[in-house]
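Below are the chains, spelled out letter by letter.
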Amino acid sequence: MDLVGKRIYLAGHAGMVGSAVHRRLASEDCEVLTTTRGDVDLRDQKAVHAWMADAKPDALIVAAAKVGGILANDTQPADFLYDNLMIEANLIHAAFEAQVEKLLFLGSSCIYPKLADQPMREDALLTGPLEPTNEWYAIAKIAGIKMCQAYRKQHGCDFISAMPTNMYGFNDNFDLQSSHVLPALMVKVHNAKVNGDKSYEVWGSGAPLREFMYADDCADALVHLLQHYSGESHVNVGTGEEVSIRALAETMCEVVGFDGELVFDASKPDGTPRKLMDSSLLRGMGWSPKVQLKQGIARTYQWYLDNADSLRA
Ligand code: GDP
């Protein structure tokens, strides 16, 4: 898709990925349309259909979702399932009715079976049981992928989907109860440093392996897909590199400048042991990531320091 002169509705522009896509689209000659929760509740079918019929965008990026870390997923299963199903069903169907030329739906690497072969290829989808701590979110995201495929098959819509790995960056959720591991460790190490503590707490065993991608790198990949990909399969968006939670926790100490100890809390869940994606389909389209983990963490920490007061407000 040539983005020049196009009107692109970016649903979820205030979130971490959405805001990164917004920054990335600023360098394209296109118009970006956004809505706030106050304008349009994306779980409300009537509101979404009315807005879409009126705005008639050329393209839609579905970056809106209810997201959260391992504890939030595990304790609010109804919200994770309902909110995400409603958001995607409303947006995808309304896009079809409004004859949106191209739609990009975003999911996550948790759609894959808990014990999928690593690195996980796109065709590992639905080959085994999901990780129980986030199956609610995963089921909703799998339904979103299938909706894109179904509208493509039945109606010839150019609806594609991308599955980013664990992301981090500006506008992430830094609330310790509901965040993902990377921002959580950033806040914990920062607080430990400020308070002069001797140690800080890391959930689980520290052994699980995760892949992390800087949100602005991911945004660049998503715009690349919007421009160059029109296939039925969803596309993995990852770096191909993984680290243990222990190694991540140590890197965080280096970036923040804290030399205390890590204390592991075994009462918290480890979740899936490993979650590395095979991103060769995307690499084959001529795209690769640019920001190294430590560099991305340093940029995010600077953003956190600049915005910590408003985050606490
Ligand atoms: P997941 O990738 O869906 O499992 O979600 P998370 O990012 O929330 O957790 C990833 C891993 O980091 C799990 O093994 C967690 O137990 C571990 N972890 C360690 N410390 C923390 C923490 O403070 N917060 C979170 N959310 N996870 C942590």
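Attention in this report is confined to the structure presented alongside it. The residue numbering used here restarts from 1 in each chain and proceeds along that chain's sequence as written. In keeping with the predicted nature of the model, local features appear solely for residues at pLDDT of at least 70, side-chain atom pairs appear and are counted solely at 80 or more, and the whole-chain, interface and lining totals rest on all residues. The side-chain figures draw on all heavy atoms in the structure; neither hydrogens nor water molecules are used.

## Some points on the overall build of the protein chain
The helix and strand tally for the protein chain stands at ten helices and 13 strands. Expected size for 313 residues packed as a compact globule is a radius of gyration near 20 Å; at 19 Å, the protein chain falls within 12% of this value. The C-alpha extent of the protein chain, read off along each of the three principal axes, is 60 × 40 × 40 Å. When accessible area is computed with a 1.4 Å probe and restricted to protein chains, residues below 20% of their type maximum are described as buried, those above 50% as exposed, and intermediate ones as partly exposed. Taking all 313 residues of the protein chain together, 53% fall into the buried category. Throughout, a contact is declared for two residues whenever any of their heavy atoms are within 4.5 Å. A fraction of 80% describes how many contacts in the protein chain between residues 6 or more apart in sequence connect residues 24 or more apart. When the accessible surface of the protein chain is totalled, it reaches about 13600 Å², and 50% of it is carbon and sulfur. Positive charges come from Lys and Arg alone, negative charges from Asp and Glu alone, with His and the N- and C-terminal ends not counted. Charge positions are represented by NZ for Lys, CZ for Arg, CG for Asp and CD for Glu. Positive and negative side-chain charges in the protein chain, numbering 29 and 41 respectively, have mean positions lying 1 Å apart. A run of DSSP states H or I qualifies as a helix once it reaches four residues; a run of E qualifies as a strand once it reaches two. Both are numbered from the N-terminal end. Throughout, the radius of gyration refers to the C-alpha atoms, and the reference size of a globule is 2.2 Å times the residue count to the power 0.38. Throughout, the Shrake-Rupley method with a 1.4 Å probe supplies accessible areas, and for residues the shown protein chains are the sole cover considered.

## Some remarks on the nonpolar core
Formed by 41 residues in total, the largest nonpolar core has its most connected members in Leu42, Leu60, Leu91 and Leu103. Counting only elements with at least two residues in this core, the list comes to β1 (7-11), α2 (45-55), β3 (59-62), α4 (77-97), β4 (102-106), α5 (135-155) and β5 (158-164). Broken down by element, the residue count for this core peaks at seven residues, all from α5. Non-local contacts of Leu42, meaning those with residues more than four positions away in its chain, are made with Tyr9, Ala11, Val48, Ala64, Met86, Ile87, Asn90 and Leu91. Residues enter a nonpolar core if they are buried and are Ala, Val, Leu, Ile, Met, Phe, Trp, Tyr or Cys, with the set joined through side-chain atoms within 4.5 Å. Of all hydrophobic cores here, the second largest spans 32 residues; its members include Ala20, Ala219, Leu226 and Trp287.

## Describing the pattern of salt bridges
Here a salt bridge means any side-chain nitrogen of Lys or Arg lying within 4 Å of a carboxyl oxygen belonging to Asp or Glu. Using the criterion set out here, one finds 15 salt bridges in the structure. In this structure, Asp265 engages Lys268 in a salt bridge whose closest nitrogen and oxygen atoms are separated by 3.4 Å. Note on Asp265: relative accessible area 15%, which makes it buried. Through salt bridges with shared partners, one network takes in Arg24, Glu28, Asp220 and Lys290.

## Quick look at the site of the ligand
Any residue with a heavy atom positioned within 4 Å of a molecule or strand is treated as near that molecule or strand. Inspection of the region around the ligand gives 18 residues, with Val181, Lys188, Arg210, Pro269 and Asp270 positioned closest. Distance and chemistry together define a polar contact, namely a pair of N or O atoms within 3.5 Å, with one atom able to donate a hydrogen and the other to accept it when in protein, and with adjacent residues in sequence counting only for side-chain atoms on both sides. Asn166 is positioned with one of its side-chain polar atoms (N or O) 3.4 Å from an oxygen atom of the ligand. Contact between the ligand and Lys188: an oxygen atom at 2.7 Å from a side-chain N or O atom of the residue. Broken down by secondary-structure element, the contributors of at least two residues to the shell around the ligand are α6 (181-195) and β7 (199-203). No other element matches the four residues that α6 contributes to the shell around the ligand. Polar here means any residue other than Ala, Val, Leu, Ile, Met, Phe, Trp, Tyr, Cys and Pro, which are nonpolar, and Asp, Glu, Lys and Arg, which are charged; Gly is therefore polar. Of the residues that constitute the shell around the ligand, the class distribution is nine nonpolar, five polar and four charged.

## Structural notes on α4
Taking 1.5 Å as the rise per residue, α4 with 21 residues should run 30 Å; its terminal C-alpha atoms sit 30 Å apart, in good agreement. Among all positions in α4, only Phe80, Asp83, Asn84, Ile87, Glu88, Asn90, Leu91, Ile92, Ala94 and Ala95 are buried. Following α4 by one or two positions, Gln99 adopts a phi angle in the positive range, close to 55°. Every helix has an expected span of 1.5 Å times one less than the residues it contains.

## What about the sheet that holds β4?
Read from one edge to the other, the open sheet built from six strands follows the order β2-β1-β3-β4-β5-β10, with strand pairing classed as parallel. On the outer flanks of this sheet lie β2 (31-33) and β10 (235-237), each paired with one strand and no other. Direction aside, neighbouring strands of the sheet carry axes that sit 25° apart on average. Think of it this way: DSSP has to see at least two bridges between two strands before they count as a pair. Where β3 meets β4, four bridges bridge the pair, whose relative direction is parallel. Bridge pairing in β4 places Ala59 opposite Lys102. Only the stretch in contact is used when a helix axis is fitted, and all axes are lines through C-alpha atoms; the angle between N-to-C directions ranges over 0 to 180 degrees. Sitting on the sheet, α5 touches β4 and β5, and the angle it makes with β5 is about 155°.

## Some remarks on the side chain of Asn73
Inspection of the secondary structure assignment puts Asn73 in helix α3 (residues 70-75). Judged by relative accessible area, which is 4%, Asn73 ranks as buried. Of note is the side chain of Asn73, whose polar atom sits 2.9 Å from the backbone oxygen of Gly68. Discounting chain neighbours no more than four positions away, the residues touching Asn73 are Gly68, Phe80, Thr133, Asn134, Trp136 and Tyr137.

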